[in-house]
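# Examining the three-dimensional arrangement
Listed below are the residues making up each chain.
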Amino acid sequence: MSPIKVAAIQAASVSYDLPGSLAKLRTLVTTAAAAGASLAVLPEAFLSAYPRHLGFNIGSRTEENREWFSRYVASSVKVPDQVEGTDWLEGRDEVGPENEFWGFQEIAKVARDNKIHISIGVIERSLIGATLWCTNLLFSPTGVLLSKHRKLQPTAAERVVWSQGHARNASPFLSDPASSTDNLAVVDTPIGKIGGLICWENFMPLARYALYKKGVEIWTAPTADGRTTWLPTMQHVAQEGRCFVISANQIQKHSDFPSEYPPSSVVAGEEPWSRGGSCIVDPLGNVLAGPLWDEEGILYADIDLAKLNGYRLDFDATGHYGREDLFSYGMKA
C-alpha cells in the first residue's frame, strides 16, 4: 500500500445551527480533499455543538435548561437505523431540511462529492423521542456509512445531556440481537483499518484493547479536551496500539455560540473557551503535525501503513506483549 495523506480539521461548529455547521463542513472537507487527503477527521460534537459551559443544577431544572436542551435536540442528527455498510443515498430522492434524515444525507453527500473518507463527531438523536448520544460516524468516499460509535461514557456533566453507548447499537424497532451493529467497530477500508474512541474514552484501557484486538491501524480521536496534557495521551495511544493517531478538536470562542447563549454573559472574557490542540502522531509517538493552538486550521500528514509491522518488532499489544496466558479479556455483547 502506498502512503496516504490524512487531515485533522480543527474548527468550531456553528453552534446550535445544523444548516450552518453543515455548510461549514462542506467547505472544510472540500479544502482537505483538494489538498489530497484520503481521510478527514473532524472534532467531537461538530454537528452541531459541544455545549461548553452550559450549566445544570442537581435536583432542579429550569425553563432555560429546557429551552437550550430543546435547541440542542433541534440541531442534532438522526441516523437511519442499521444502515452501516449500505449505500443509503442510492436510489433515494434528495430531501430538504424538513426531513428527519436531512443532516445524515448531507454528510454522506459531502463524503461522496469529495471522494474522501470522513470521520465526524455528531450529536445523534434517537429515532423516537429526544435522547441524545455523542456519536462518531465514519463515511466512505462513496457516501456509505461504515461505522457508528456512540460514546461509552460521557464525562462529568456531559451525562446530563448525553446517554451512554453500549457494545452493540441495537435497533429500536427490532428485538433480534442479530440486527444490532458493532459500537466498537474497526473497519477494513482501502486505506487501512480505521477505528477510534471519543475524547476521554481514550483513557479507558479495556476499550482501547478492544480496538487493538480488532487490528486498528488508523485511530481517530475526536475530542473536546483542549489542554496541553492531551498530546501525551495521543502519543501513548499511538505507541501502545502501534497505530497512527489523528486527533481533532474544536477551537471555541463565545462568538461561536448564539449571542443569547447563557454562559456567554458569564465567561465571555475567558477566551478562547477551547484552544484546540489537534495533532497527528505516528506509531512510535512522534508528532507528525500539530498540536495546533488558538486558531482554526487543517493539519496534514503522510502516513505509511506498510511500516506498521516493523513498528511492532519491539512491542505488539495483542501479540507477544499481550500475555493472554496470564490475563484474560472479554467484551460483553
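To start, this report covers the structure provided alongside it. These figures come from a predicted structure and were not determined experimentally.

Here is what the cut-offs are and how they apply
Residues numbered from 1 in each chain as written. Predicted model: local features only at pLDDT ≥ 70, side-chain atom pairs only at ≥ 80, totals over all residues. Heavy atoms only, no water. Helix = DSSP H or I, 4+ residues; strand = E, 2+ residues; numbered from the N terminus. Rg over C-alpha atoms; globule rule 2.2 N^0.38 Å. Contact = heavy atoms within 4.5 Å. Areas by Shrake-Rupley, 256 points an atom, 1.4 Å probe, with all protein chains shown as cover. Lys, Arg positive; Asp, Glu negative; His and termini not counted. Charge placed at Lys NZ, Arg CZ, Asp CG, Glu CD. Buried < 20%, exposed > 50% of the residue type's maximum accessible area, 1.4 Å probe, protein only. Expected span 1.5 Å × (residues − 1). Arc of directions from axis to C-beta. Pairing = 2+ DSSP bridges. Right-handed = clockwise from strand over helix to strand, strands pointing away. Core = buried A, V, L, I, M, F, W, Y, C linked by side-chain atoms within 4.5 Å. Salt bridge = Lys/Arg side-chain N within 4 Å of Asp/Glu carboxyl O.

### Digging into the overall build of the chain
A tally of helices and strands in the chain yields 8 helices and 15 strands. Expected size for 333 residues packed as a compact globule is a radius of gyration near 20 Å; at 19 Å, the chain falls within 12% of this value. Residue pairs at least 24 apart in sequence account for 69% of intrachain contacts in the chain once pairs closer than 6 positions are excluded. Put simply, the chain shows about 14400 Å² of open surface, and 52% of that area lies on carbon and sulfur atoms. For the chain, the separation between the mean place of its 30 positive charges and that of its 38 negative charges on side chains is 3 Å.

### Quick word on the environment of valine 216
For valine 216, the location among the structural elements is in the loop between helix 5 (205-213) and strand 11 (218-223). Judged by its relative accessible area of 2%, valine 216 is buried. Note: C-alpha distance between valine 216 and alanine 40 (176 residues apart in sequence) is 17 Å. Valine 216 has contacts with Val186, Lys193, Ile194, Gly195, Leu211, Cys243 and Arg312, leaving out every residue within four places of it along the chain.

### Some thoughts on helix 2 (residues 63-74)
Given 3.6 residues per turn, any residue in an α-helix points the same way as the ones three and four places further on. Compared with an ideal rise of 1.5 Å per residue, which puts 12 residues at 16 Å, helix 2 spans 16 Å between its outermost C-alpha atoms and is within 8% of the ideal. Buried within helix 2 we find Asn65, Trp68, Tyr72 and Val73. Each buried residue of helix 2 lies within a common arc of 145 degrees when the element is viewed along its axis, so the set occupies one face. Turned more than 90 degrees off the buried face of helix 2, the exposed positions are Glu63 and Ala74. Of the surrounding elements, those touching the buried residues of helix 2 are strand 4 (117-125), strand 5 (132-139) and helix 4 (158-161).

### Digging into the pairing of strand 4
Burial analysis of strand 4 places 8 of its 9 residues in the buried class, the great majority of the element. Bridging between strand 2 (residues 39-41) and strand 4 involves 3 bridges; their strand directions are parallel. Looking across to strand 4, one finds that valine 41 is bridged to serine 119. Where strand 3 (residues 77-78) lies against strand 4, 2 bridges are found, and the strand directions are parallel. Within strand 4, the residue paired with lysine 78 across the bridge is arginine 125. Each parallel crossover has a hand, and for strand 3 linked through helix 3 (residues 102-114) to strand 4 it is right-handed. Of the strand pairs in this sheet, strand 4 and strand 5 are connected by 8 bridges, and their pairing is antiparallel. Bridging across to strand 5, isoleucine 118 finds its partner in phenylalanine 139.

### Observations concerning the nonpolar core
Leu25, Leu47, Ile107, Ile118, Ile120 and Phe139 are the most contacted members of the largest nonpolar core, which totals 35 residues. Elements that contribute at least two residues to this core include exactly strand 1 (4-10), helix 1 (18-34), helix 3, strand 4 and strand 5. Of the residues forming this core, the biggest block, 7 residues, is contributed by helix 1. Once residues within four sequence positions are removed from consideration, isoleucine 107 is found in contact with Leu22, Leu25, Leu47, Ile118, Ile120, Val122, Leu137 and Phe139.

### Focus on unusual backbone geometry
Negative phi is the rule for most residues except glycine; trans is the rule for most peptide bonds. Of note, the bond from leucine 47 into serine 48 is cis; its omega dihedral lies within 30 degrees of zero at -5 degrees. Residue position: serine 48 is located in the loop between strand 2 and helix 2. With omega at -5 degrees, the peptide bond leading from glycine 290 into proline 291 counts as cis. For glutamine 82, which is not a glycine, the phi torsion comes out positive at approximately 55 degrees. Counting through the fold element by element, glutamine 82 comes out in the loop between strand 3 and helix 3. Residue classification places glutamine 82 among the partly exposed residues on the basis of a relative accessible area of 24%. At alanine 156, a residue that is not glycine, the phi angle is positive and equals roughly 50 degrees. Of note, alanine 156 is situated in the loop between strand 6 (145-150) and helix 4.

### Section: helix 6 (residues 230-241)
The terminal C-alpha atoms of helix 6, which comprises 12 residues, lie 17 Å apart, in line with the 16 Å expected from a rise of 1.5 Å per residue. Burial in helix 6 covers these residues: Trp230, Leu231, Thr233, Met234, Val237, Ala238 and Gly241. In a view along the axis of helix 6, the buried residues occupy a sector of 160 degrees, so they form one face of it. Elements that come into contact with the buried residues of helix 6 comprise helix 5, strand 11, strand 12 (244-249), strand 13 (276-281) and strand 14 (287-293). Count one or two residues on from helix 6 and you reach arginine 242, which has phi positive near 50 degrees.

### A look at the pattern of salt bridges
Applying the stated criterion to the full structure yields 19 salt bridges. The partner of glutamate 260 in a salt bridge is arginine 71, and the shortest N-O contact between them spans 3.0 Å. Here arginine 71 lies in helix 2 and glutamate 260 lies in the loop between strand 12 and helix 7 (264-267), a separation of 189 residues in the sequence. Using a relative accessible area of 45% as the deciding quantity, one classes glutamate 260 as partly exposed. Each of Arg26, Arg112 and Asp113 takes part in a single network of salt bridges with overlapping partners.

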